[in-house]
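# Observations on the three-dimensional arrangement
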Amino acid sequence: MKMLEVRGLGHTYRGKDGTHTAIDGLEFTVDPGELVCVVGPSGCGKSTLLRTISGLIKPTRGSVSLHGNPVDGVPSDLSVVFQDYSRSLFPWLSVTKNVEFPLRKLTRRNRTTRAAEALAAVGLDGAGRKYPWQLSGGMQQRVAIARALAYRPSLLLMDEPFASVDAQTRFELEDLLLRVRREQDTTVLLVTHDIDESVYLGDRVLVLSKSPATVVADLDVPLGQH
Ligand code: ADP
Ligand code: ADP
């Protein structure tokens, strides 16, 4: 069974200035355990694609299925990591509370264990009592990644997750992602405008055309770095 199936997916935004077709007839699938990078020029519709997969917008054409179930509304087995870490963490909650936030339905004990494991996985064991503002940008993005992983999503969606951190931190976070996805066998769909990054990280790279985006290439990365 495919983890993700995107069929004939298209989206046209309608506003008072008229309509804008962001994506048009996207077609691809993702197998369980794959790390697929989606690369394309800025403005080609990458975020629109992630918004339709995560149920935040309803596509105007085509369909998205997770484990064979059509996406209708926000699926519960997804996590999303955005580029803008400064807006993704709750400033009034400690690091641990931020990571525990999506785990409200678990027992307190399971919540604590999961959050501790996720923070350890991203190298932040000691930082649980701190608040986001006490951490560097790279560390805040680590917390956002830990929160996404603690949830143990079937599919992790990442929208330019390393674009706002400095180069050194970016390298560290990229390697962290490669290590953690192996350990946890997580399926990842990562959007980037950086072709180098897509080839470094991905088992597969989907290349989108400029807007309205279609898939112009679907490349296996042979003997990737990982
Ligand atoms: P990318 O993530 O590749 O930069 P986006 O998905 O953000 O691309 O945007 C694709 C196109 O759709 C762009 O031309 C953008 O201006 C347009 N767009 C994005 N969001 C909206 C919106 N809410 N209303 C109208 N147009 C939008
Ligand atoms: P080494 O030879 O010591 O492994 P590299 O120059 O291959 O050093 O990589 C150093 C760091 O740069 C790696 O940890 C990796 O995260 C990052 N890196 C290497 N190549 C790329 C690339 N094409 N895109 C993004 N990051 C890269």
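What you see is a predicted model, and the numbers here were worked out from it, not measured in a lab.

Each value, and the rule that gives it
Residues numbered from 1 in each chain as written. Chains lettered and ligands numbered in written order. Predicted model: local features only at pLDDT ≥ 70, side-chain atom pairs only at ≥ 80, totals over all residues. Heavy atoms only, no water. Near = heavy atom within 4 Å. Polar contact = N/O pair within 3.5 Å; in protein donor to acceptor, adjacent residues only side chain to side chain. Areas by Shrake-Rupley, 256 points an atom, 1.4 Å probe, with all protein chains shown as cover. Helix = DSSP H or I, 4+ residues; strand = E, 2+ residues; numbered from the N terminus. Buried < 20%, exposed > 50% of the residue type's maximum accessible area, 1.4 Å probe, protein only. Pairing = 2+ DSSP bridges. Axes fitted to C-alpha atoms, helices over the stretch in contact; angles between N-to-C directions. Contact = heavy atoms within 4.5 Å. Nonpolar A, V, L, I, M, F, W, Y, C, P; charged D, E, K, R; others polar. Phe/Tyr/Trp six-rings, centres within 6.5 Å; stacked < 30°, edge-to-face > 60°. Lys NZ or Arg CZ within 6 Å of the ring centre and 35° of its normal.

### So, the site of ligand 1
Within the structure, ligand 1 sits among Y13, H20, A22, P41, S42, G43, C44, G45, K46, S47, T48 and R51. In this structure, an oxygen atom belonging to ligand 1 sits 3.0 Å away from a side-chain N or O atom of H20. Interatomic distance of 3.1 Å between a backbone N/O atom of C44 and an oxygen atom of ligand 1. Surface burial for ligand 1 is 61%, taken as the share of its 570 Å² of free accessible area covered by protein chains. Elements with a minimum of two residues in the shell around ligand 1: β2 (18-30) and α1 (46-53). Counting residues per element, the shell around ligand 1 draws most heavily on α1, which supplies 4 residues.

### Observations concerning the pairing of strand β3 (residues 35-39)
Burial within β3 is extensive, with 5 of its 5 residues counted as buried. Here β3 shows a buried face lined by L35, C37 and V39 and a second buried face lined by V36 and V38. Pairing between β3 and strand β9 (residues 204-208): 4 bridges, direction parallel. When the bridges of β9 are listed, V39 appears paired with V207.

### Points about the sheet that holds strand β8 (residues 187-192)
With mixed pairing, the 6 strands of this open sheet are ordered in space as β6-β7-β8-β3-β9-β10. Strands with a single pairing partner mark the edges of an open sheet, and in this sheet they are β6 (78-81) and β10 (215-220). For this sheet the average axis-to-axis angle between neighbouring strands, irrespective of direction, equals 15 degrees. On top of the sheet, helix α5 (residues 137-150) reaches β6 and β7 (155-159); it is set at about 175 degrees to β6, its chief contact.

### Concerning the sheet that holds strand β1 (residues 4-15)
The 4 strands lie next to each other as β2-β1-β4-β5, forming an open sheet whose pairing is antiparallel. Every interior strand has two partners, whereas the edge strands, β2 and β5 (69-70), have only one. The pairing of β1 with β2 spans 9 bridges and is antiparallel. Bridging across to β2, L4 finds its partner in V30. Set on the sheet, α1 makes contact with β1, β2 and β4 (61-66); between it and β1 the angle comes to about 110 degrees.

### Observations regarding α1
A large share of α1 lies buried, amounting to 6 of its 8 residues. Along α1, the residues that are buried comprise K46, T48, L49, L50, T52 and I53.

### Section: the site of ligand 2
Around ligand 2 sit R170, F171, E174, D175, D196, E197 and Y200, and those are all the residues in its vicinity. Within the backbone of F171, a nitrogen or oxygen atom sits 3.1 Å from an oxygen atom of ligand 2. Y200 is positioned such that a nitrogen or oxygen atom in its side chain is 3.4 Å from an oxygen atom of ligand 2. Calculation on ligand 2 without its partners gives an accessible area of 550 Å², and the protein chains cover 47% of this total. Taken together, the elements giving at least two residues each to the shell around ligand 2 come down to α6 (167-184) and α7 (195-201). The element that contributes the greatest number of residues to the shell around ligand 2 is α6, accounting for 4 residues. When grouped by side-chain class, the residues that make up the shell around ligand 2 number 2 nonpolar, no polar and 5 charged.

### So, the packing of aromatic side chains
Under the defined criterion, the tally for this structure stands at 2 aromatic pairs. When the ring of F90 is compared with that of W92, the centres are 5.3 Å apart and the planes differ by 40 degrees; the resulting orientation is tilted. With relative accessibility at 60%, the residue W92 sits in the exposed group. Taking the centre distance of 4.7 Å and the plane angle of 55 degrees together, the rings of F90 and F101 count as tilted. Note that F90 is positioned in the loop between α2 (85-88) and α3 (95-100) and F101 in the loop between α3 and α4 (108-121), a separation of 11 residues in sequence. Among the aromatic residues, those joined into a cluster by ring pairs are F90, W92 and F101. The ring centre of F101 lies 4.4 Å from the NZ or CZ of R104, which sits over that ring.

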